[in-house]
Amino acid sequence: MDRDSYLRRWSSLHGGAHAGGIVRGWLTAVHAVARPLAAAGVAPAAVTLTGLALAVLAAVAAVAGGRGGGAAVAAGVLLVAAGLLDSLDGAVAVVTGRTSDRGALLDAVADRVGDAACALVLWGCGAPAWLALTAGGLAQLQEYLRARAQGLGVADVGVVSVAERPVRLALAAASAVATAAVAWLDWATLGAGVWAVLGLIGFVQVASALGRRL
């Protein structure tokens, strides 16, 4: 599948969303990486499970390694890799024509485990447990709203919140690496606090949009 066909297919799978600007550039890069994986016969589920494993390893590294040091850097790098694979699994599925309900369900479960892993990384790097739990819980609640909306027949809530999954990954990964680089500042608590604030705003955005749709 060439790039333009991939972009059209992506748009149809995301409620007719327009792939322009930064989104178009990102999808173009993802498509370029997905094509050789598809040509090599890599299954989309294998990409999803690999990303899931990397997210779990990131959480284990942060919790076991304690605040700062090489463990925090490793956790941040693993989260970034997991995030990249999270985009690649869907691209490989589209390019190979292997999109399925089973794959979508596996991807959704992997995403929710990945969000929990991000919260654990922040906790392992020094954020208070209650704050990491609040941030992670708001992420789960926002995505539950979206999933419940789909169950009620709303295919697209119609809003991209300020606390989508890439934002959560970026905050957790950057905070973990910064904790090791600048130990005197509590980056993990700062990252968890920003995530919690954005998570609350994002939840209100999604809830409001869903209320209008219903």
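The shown structure was predicted, so the numbers you read here are calculated from the model rather than taken from an experiment.

Visitor: Could you clarify how one ought to interpret the pattern of salt bridges in this entry?
Guide: Working definition: two side chains of opposite charge can pair if their charged atoms are close together. For the coordinates displayed, the defined rule picks out nine salt bridges. A salt bridge links Asp115 to Arg165, with the shortest nitrogen-to-oxygen separation between them at 2.9 Å. Of this pair, Asp115 sits in helix α5 (residues 101-124) while Arg165 sits in helix α7 (residues 165-181); the two residues are 50 residues apart in sequence, bridging distant segments of the chain. Like Asp115, the residue Arg165 is buried in the burial classification. One salt-bridge network, in which partners are shared between bridges, spans Asp86, Asp111, Arg112, Asp115, Glu143, Arg146, Glu164, Arg165 and Arg168.

Visitor: Honestly, empty space enclosed by the protein in this entry has me stumped. Any pointers?
Guide: Space left empty within the atom packing is revealed by a probe, the size of a water molecule, rolled over the atoms. Inspection of every chain in the model, using the stated rule, returns one cavity of 30 Å³ or more. Empty space within the largest cavity amounts to approximately 70 Å³. Lining of the largest cavity is provided by Thr48, Gly51, Leu52, Ala55, Ala82, Asp86, Asp89, Asp107, Ala110, Asp111, Gly114 and Arg165. At the level of elements, α3 (44-65), α4 (69-96) and α5 are the ones that each hand at least two residues to the lining of the largest cavity. Taken together, the residues of the lining of the largest cavity sort by class into four nonpolar, three polar and five charged.

Visitor: Would you mind showing me how to read the environment of Gly83 here?
Guide: By the element assignment, Gly83 lies in helix α4. Along the primary structure Gly83 and Leu190 are separated by 107 residues, whereas in three dimensions their C-alpha atoms are 21 Å apart.

Visitor: It is not clear to me how the state of the cysteines should be interpreted in this structure. Could you clarify?
Guide: Cysteine pairs can be linked by a disulfide, which is a covalent bond between their two sulfur atoms. Inspection of every chain in the model, using the stated rule, returns zero disulfides. Cys125 supplies the cysteine sulfur nearest to Cys118, a cysteine that is in no disulfide, at a spacing of 11 Å.

Visitor: Mind showing me how you'd approach the nonpolar core here?
Guide: Core analysis: the biggest nonpolar cluster contains 23 residues, and Leu79, Cys118, Val121, Leu122, Cys125 and Trp195 have the highest contact counts within it. Mapped by element, the contributors of at least two residues to this core are α3, α4, α5, α6 (129-151), α7 and α8 (187-213). Core analysis: the next-biggest nonpolar cluster, separate from the first, contains 19 residues, Leu7, Leu54, Ala59 and Val92 among them.

Visitor: For this particular structure, what's the right way to read the packing of α5 against α6?
Guide: The relative placement of two packed helices is expressed as an angle between their axes plus a distance between the axes. Direction vectors running N to C along α5 and α6 enclose 165 degrees, while the axes themselves pass 8 Å from each other. Taken together, α5 and α6 sit at an angle that is classed as roughly antiparallel. Like other packed secondary-structure pairs, α5 and α6 cross with a definite hand, here right-handed. In contact with Arg112, Asp115, Ala116, Ala119 and Trp123 of α5, α6 contributes Ala129, Ala132, Gly136, Ala139, Gln140 and Glu143. Residue composition of the contact of α5 with α6, grouped by class: six nonpolar, two polar and three charged.

Visitor: Explain the environment of Ala93 here, please?
Guide: Mapping Ala93 onto the fold places it in helix α4. Since its relative accessible area comes to 8%, Ala93 is described here as buried. In sequence terms Ala93 and Ala38 are 55 residues apart; their C-alpha atoms lie 8.2 Å from each other. Discounting residues that sit within four places of it in the chain, Ala93 has contacts with Pro44, Arg98 and Thr99.

Visitor: Explain α8 to me, please; I cannot follow it from the model alone.
Guide: Within an α-helix, residues lying three or four positions from one another point in the same direction, as the helix has 3.6 residues per turn. Here α8 spans 38 Å end to end across 27 residues, near enough to the 39 Å set by a 1.5 Å rise per residue. What α8 keeps buried is the set Ala188, Gly191, Ala192, Trp195, Ala196, Gly199, Gly202, Val206, Ala209 and Leu210. The inward-facing, buried residues of α8 abut α5, α6 and α7.

Visitor: What should I look at first to understand the packing of α4 against α5 in this one?
Guide: Interaxial distance between α4 and α5 falls to 11 Å at its minimum, and their mutual angle equals 165 degrees. Of the possible angle classes, the one that applies to α4 and α5 is roughly antiparallel. As for the relative orientation of α4 and α5, their crossing is left-handed in sense. On α5, the residues that touch Ala75, Leu79, Asp86 and Asp89 of α4 are Asp107, Asp111, Cys118 and Val121. In the contact of α4 with α5, the residues fall into four nonpolar, no polar and four charged.

Cut-offs applied
- Residues numbered from 1 in each chain as written.
- Predicted model: local features only at pLDDT ≥ 70, side-chain atom pairs only at ≥ 80, totals over all residues.
- Heavy atoms only, no water.
- Salt bridge = Lys/Arg side-chain N within 4 Å of Asp/Glu carboxyl O.
- Helix = DSSP H or I, 4+ residues; strand = E, 2+ residues; numbered from the N terminus.
- Buried < 20%, exposed > 50% of the residue type's maximum accessible area, 1.4 Å probe, protein only.
- 1 Å grid on protein atoms, 1.4 Å probe; cavity = no way out; pocket = protein on both sides within 12 Å on 5 of 7 lines; lining within 4 Å.
- Points joined across faces, edges and corners; volume = space filled by probe spheres on them.
- Nonpolar A, V, L, I, M, F, W, Y, C, P; charged D, E, K, R; others polar.
- Disulfide = S-S within 2.5 Å.
- Core = buried A, V, L, I, M, F, W, Y, C linked by side-chain atoms within 4.5 Å.
- Axes fitted to C-alpha atoms, helices over the stretch in contact; angles between N-to-C directions.
- Parallel < 35°, antiparallel > 145°, perpendicular 65-115°, else oblique.
- Left-handed = near helix turned anticlockwise from the far one by under 90°.
- Contact = heavy atoms within 4.5 Å.
- Expected span 1.5 Å × (residues − 1).

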